Amino acid sequence: MTSCNPPPLPHHHHWCCCVLSLLLSLLLLHFPVLDAQTPRQVNNTGFSCSKSSSNYPCSAYAFYRANSPNFLDLATIGDLFSVSRLMIAKPSNISSPSSSLLPDQPLFVPLSCSCNSVNTTFGSISYANISYTIKPNDTFFIVSSTHFQNLTTYPSVEVVNPTLLPTNLQIGDNVVFPVFCKCPNKTISNYMISYVVQPSDNISSIASRFGAREQSIIDANGGGDDALHVYDTIFIPVTRLPVLSQPTAVAPSAPPPPPPPRTDRSGTVRGLAVGLGITGLLLILVSGLWVCLWVGRRDEGKQKKQGNLYLGGGGGRGKESMADAKLIASVSDCLDKYRVFGIEELMEATGGFSENCLIQGSVYRGSIDGEIYAIKKMRWNAYDELKILQKVNHGNLVKLEGFCTDPEESNCFLVYEYVENGSLYSWLHQDCRNEKLSWKTRLRIAIDIANGLQYIHEHTRPRVVHKDIKSSNILLDANMRAKIANFGLAKSGMNAITMHIVGTQGYIAPEYLADGVVSTKMDVFSFGVVLLELVSGKEAIDEEGNLLWASAIRTFEVGNEVEKGRRLREWLDKGVLRETCSMESLMGVVAVAIACLHRDPTKRPSIVDIVYALSKSEDIGFDVSDEGIGSPRVMAR
């Protein structure tokens, strides 16, 4: 298969990059960025932690403010932090996750906080791994100070991403932004809130806002007078999350107030000198960039005359572009397998990607030639997902039908089969579903998921690890059969170590969260959590941050069969509780789930063993009593 690595730059591009990098370095050396984050970034690479501490990993929260123009809805903010809208809406006291937000509207964003080894110089740092895809004009500094609102710093980003050159970032690069967090001492508090100090703040006002003790905040941040600095991230220990006061209606954002006039003339003179110097260097920088672009366009014209890749869309639009060529290279050996759609087709199918066609996240419903498709809109980061999808073809995996590129907007689109009945998450957890799943259907869904995992774990070479098994990534077709979706985080190969921790709170395996170990057993762990959701109807993590799998282990790991049966009755989804199904079948599924959740990944069952055990539970039968499973006679079995 053709490599997805970009071709080497022509000689003149190397020369231009060197000149521009030198000019940029001179600019940064002689004229430091005048921003509130600068004083703390001279040597702030994060907060040290001990990997041996029993506090880690943990659930934490970041206090975040909605801001214009790009972060005024929960979907966009959720994508930034790799969490769902609902996971932000619940702790933030927002009743409608799809509504727009006001500028500066307060939010609690959940974090998966872990103690991460960085290198021998910095040791271990406490942070949440947030994956971000570089877009045009992004820099480590801009993203950390604006998008993440100083919840991290660019020196920390550099330390966590040692293989990336900050002055040579490419659109589509995946970068880990370490959002600062800290795990609490459970004897003192339940949560730590990461909070960025504002100019008007003091210890008293912060303590009052979050319902915390002043001394507790000081102690959590090292104590002394140095505990509070403007635009620093500090940690606020709380026993429970405070209820945020939210506006009842969204009003148009007001323009920011003008900055107060400066009265210090010496400061004005210094500022003018700095400004003139920066302007001069910027003129040189722009001139160099113009020369590079002129030379590049001249050579590009020569290449076009010699002939270049021409990609014709299914809707009639063709576009010459290196980005198209890179995408085509990644699927060059299976173009006959996938349809190449045109951007006009997709725009027409989705009404210009309107909200009315939005299914979830960035996936839209669209009709093309009378056929319904699910269309996933992405930035230029679809190559890895396409490489994985080439290797898989199974009835319990959502099928890729084709793709499309839009170089003008730097977008890529993956077009999937449309799965009629939506996600398992919506059936289990959303009140709008009047119909409840029967136990027989739930068990069949569990077996379907296990069969899909068995295929990618056992029948692909190298083996594929999905890395994001959760109920919202399980789709149900017209016959209520399950299909695994969303291979955006999947990895081909296993037993690797990565610092790029991605996934969803409540489903992440402990060894992956703590040490970055990637293996098929992390999918087994996540599958165990989905089994618990099917049995209990509970979410993987509740609004208080309690993990479903941790609660299940405490409930079912010890005790005799009668005691476990009594506990299971309290745990069961009420819809299942009223059914006439075998208690042995239910206990068998719970036993599989608990085995999947073993902290030692080597002691978790293989997916082959899981398929066998679940099939055995299905064979036990259902019509064991005319009474519901909640009856004492059935519970005693």
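Above: the structure in question.
First things first, this report covers the structure right here in the doc. Quick caveat, the model's predicted, so the values are computed rather than measured.

**A look at the overall build of the protein**
Broken down by element type, the protein carries 22 helices and 20 strands. Buried residues in the protein amount to 50% of all 637 residues. Of all intrachain contacts in the protein linking residues separated by at least 6 positions in sequence, the fraction that spans at least 24 positions is 71%. As displayed, the protein offers around 30,900 Å² of accessible surface, 53% of which is attributable to carbon and sulfur atoms.

**Focus: the nonpolar core**
Counting 85 residues, the largest nonpolar core has L424, I449 and L614 as its most contacted members. Residues within four places of L424 in sequence aside, it is in contact with L437, I445, I449, S471, I474, L476, V530 and L534. Residues A60, A128, L151 and V157 belong to the second largest nonpolar core, which totals 41 residues.

**Brief notes about the sheet that holds strand β9 (residues 339–340)**
Across the sheet, six strands lie side by side as β9-β13-β14-β12-β11-β10; this open sheet has mixed pairing. In this open sheet, the two edge strands, each paired with only one partner strand, are β9 and β10 (358–360). Both β10 and strand β11 (residues 363–368) contribute to a ladder of two bridges, which runs antiparallel. Residue pairing for β11: L358 is matched across the bridge by Y364. On top of the sheet, helix α12 (residues 383–391) reaches β12 (371–378), β13 (400–406) and β14 (411–417); it is set at about 25 degrees to β14, its chief contact.

**Topic: the state of the cysteines**
One pass over the structure, following the stated rule, counts three disulfides. Across the disulfide from C58 sits C183; the S-S distance is 2.0 Å. Judged by the sign of its S-S torsion, about -100 degrees, the bond between C58 and C183 is left-handed. Note that C58 is positioned in strand β1 (residues 58–65) and C183 in the loop between β4 (174–180) and β5 (191–196), a separation of 125 residues in sequence. Relative accessible area serves as the criterion here: at 5%, C183 is assigned to the buried category. The disulfide bridge from C113 ends at C181, spanning 2.1 Å between sulfur atoms. Taking the sign of the torsion about the S-S bond as the criterion, the disulfide between C113 and C181, at about 95 degrees, is right-handed.

**Remarks on the pattern of salt bridges**
Inspection of the entire model under this criterion finds twelve salt bridges. E539 is the partner of K90 in a salt bridge, and the nearest nitrogen-oxygen pair spans 2.7 Å. Of the two residues, K90 sits in the loop between α4 (85–89) and β2 (106–119) while E539 sits in the loop between α16 (520–536) and α17 (548–556), which places them 449 residues apart along the sequence. Relative accessible area serves as the criterion here: at 37%, K90 is assigned to the partly exposed category. Where salt bridges share partners, they join R339, E345 and D369 into one cluster.

**Thoughts on the packing of aromatic side chains**
Overall, the coordinates contain 21 aromatic pairs when judged by the stated rule. Both rings, one in Y64 and one in F81, keep their centres 5.3 Å apart while their planes meet at 85 degrees; by these two values the pair is edge-to-face. Taken together, the residues span a long stretch of sequence, with Y64 in strand β1 and F81 in helix α3 (residues 74–81) at a distance of 17 residues. The class for F81 is buried, based on a relative accessible area of 2%. Ring geometry for F81 and F148: centres 5.4 Å apart, planes at 85 degrees, overall edge-to-face.

**Looking at the pairing of β13**
Within a regular strand, side chains alternate between the sheet's two faces. With six of seven residues buried, β13 is to be regarded as a mostly interior element. Sheet topology note: the β9/β13 ladder contains two bridges and is parallel. Its bridge partner lying in β13, R339 is registered against G402. In this sheet, β14 lies alongside β13 in antiparallel orientation, the contact comprising six bridges. Bridging from a neighbouring strand, C404 pairs with F413 of β14. From the end of β13 to the start of β14, which pair antiparallel, there are four residues, and S410 there has a positive phi angle of about 55 degrees.

**Topic: α16**
For α16, built from 17 residues, the straight-helix expectation of 24 Å at 1.5 Å per residue is met to within 8% by its first-to-last C-alpha distance of 25 Å. Counting buried residues in α16 gives 17 out of 17 residues, a clear majority hidden from the surface. Downstream of α16 by a residue or two, G537 has a phi angle that is positive, lying close to 75 degrees.

Conventions and cut-offs
Residues numbered from 1 in each chain as written. Predicted model: local features only at pLDDT ≥ 70, side-chain atom pairs only at ≥ 80, totals over all residues. Heavy atoms only, no water. Helix = DSSP H or I, 4+ residues; strand = E, 2+ residues; numbered from the N terminus. Buried < 20%, exposed > 50% of the residue type's maximum accessible area, 1.4 Å probe, protein only. Contact = heavy atoms within 4.5 Å. Areas by Shrake-Rupley, 256 points an atom, 1.4 Å probe, with all protein chains shown as cover. Core = buried A, V, L, I, M, F, W, Y, C linked by side-chain atoms within 4.5 Å. Pairing = 2+ DSSP bridges. Axes fitted to C-alpha atoms, helices over the stretch in contact; angles between N-to-C directions. Disulfide = S-S within 2.5 Å. Salt bridge = Lys/Arg side-chain N within 4 Å of Asp/Glu carboxyl O. Phe/Tyr/Trp six-rings, centres within 6.5 Å; stacked < 30°, edge-to-face > 60°. Expected span 1.5 Å × (residues − 1).

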